[in-house]
Amino acid sequence: MSAHESMEHAEHAEHASGENRKIALLIAVIALFLALSETLGKGAQTEAISKNVEASNLWAFFQAKTIRRTVAQTAAEQGKLNLPALPDDATRAALQKQIDDWQKNAARYRSEPETGEGSEQLSERARHAEEERDLATAKYHHYELASGAFQIAIVLASATIITGMLALAWVSGALMLVGIAMTALGLFEPHLLPLH
């Protein structure tokens, strides 16, 4: 090999080394965005599960209150039917007091704003938890797509180093931008694209 060929070979190696550094930096940046989207995705997934459990618990509590209200209303109606058949005023007065208590309890089971545990308040709280669950789920889907784009981008950037095909690096960069866009949508407009 002549000195001229050796110089050309060294220049080519130096150029390739500079390109590889740029690709390595691209991979590092993509990995940073991947870590961010994965972290956001796990948080959104945990939030979705938590809100789903909360909504389920609230709906179960709602059903229990509804059953209690129905039982109290039924007892009051039955008591009203039996009231005229009672033999004396004292017994009728005692039953009337019990009917009034059942009706008061039935009304409290329907609406109890001071505790937030009436069936009306429970259904409102459950719907709110479902909305929060749906929001977290929408965010999660965006973050998952972003993570997939970032992972493919890393693979393509790595393949650029091996093959020397710079087109792969450009595709990798484009996928990184897609991942960033999906992450941003997940953060700011998760319902813009219907992904579920």
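Nothing here was measured: the structure is a model prediction, and the numbers come from that model.

A. Examining the overall build of the protein more closely. Check the secondary structure of the protein and you find four helices and zero strands. Going residue by residue from the N terminus, the α and β elements of the protein occur as α-α-α-α. The globule rule puts the C-alpha radius of gyration for 196 residues at 16 Å, and the 33 Å found for the protein is more than 25% above it. Along the first, second and third principal axes, the C-alpha atoms of the protein reach 125 × 20 × 20 Å. Expressed as a percentage of its 196 residues, the buried residues of the protein come to 28%. Taking as baseline every contact in the protein between residues at least 6 positions apart, the subset at least 24 positions apart corresponds to 72%.

B. Representation of the pattern of salt bridges. A full pass over the atoms with the stated rule returns nine salt bridges. When the shortest N-O distance is used, the salt bridge between Lys51 and Glu132 registers 2.8 Å. One end of the pair, Lys51, is in helix H1 (residues 3–82); the other, Glu132, is in helix H3 (residues 119–163), and 81 residues separate them in sequence. Close ionic contact of Lys80 with Glu77 constitutes a salt bridge, the shortest N to O distance being 3.7 Å. Here Lys80 pairs with Glu77, and both are found in helix H1, just three residues apart, close to one helical turn. We classify Lys80 as partly exposed; its relative accessible area is 38%. Overlapping salt bridges bring together Lys51, Glu54 and Glu132 as one network.

C. Fine view of the packing of aromatic side chains. Scanning all chains against the criterion turns up two aromatic pairs. For the ring pair Phe33 and Phe150, a centre distance of 5.9 Å and an interplane angle of 20 degrees mean the geometry is stacked. Here the residue Phe33 occupies a position in helix H1, and Phe150 occupies one in helix H3, the gap between them amounting to 117 residues. Looking at Phe150, the relative accessible area reads 0%, which means it is buried. Residues Trp59 and Phe62 carry aromatic rings whose centres are separated by 5.3 Å and whose planes lie at 85 degrees to one another, so their mutual orientation is edge-to-face. In this pair, Trp59 and Phe62 both sit in helix H1, three residues apart, roughly one turn of the helix. What makes Trp59 partly exposed here is its relative accessible area of 24%.

Calculation criteria
Residues numbered from 1 in each chain as written. Predicted model: local features only at pLDDT ≥ 70, side-chain atom pairs only at ≥ 80, totals over all residues. Heavy atoms only, no water. Helix = DSSP H or I, 4+ residues; strand = E, 2+ residues; numbered from the N terminus. Rg over C-alpha atoms; globule rule 2.2 N^0.38 Å. Buried < 20%, exposed > 50% of the residue type's maximum accessible area, 1.4 Å probe, protein only. Contact = heavy atoms within 4.5 Å. Salt bridge = Lys/Arg side-chain N within 4 Å of Asp/Glu carboxyl O. Phe/Tyr/Trp six-rings, centres within 6.5 Å; stacked < 30°, edge-to-face > 60°.

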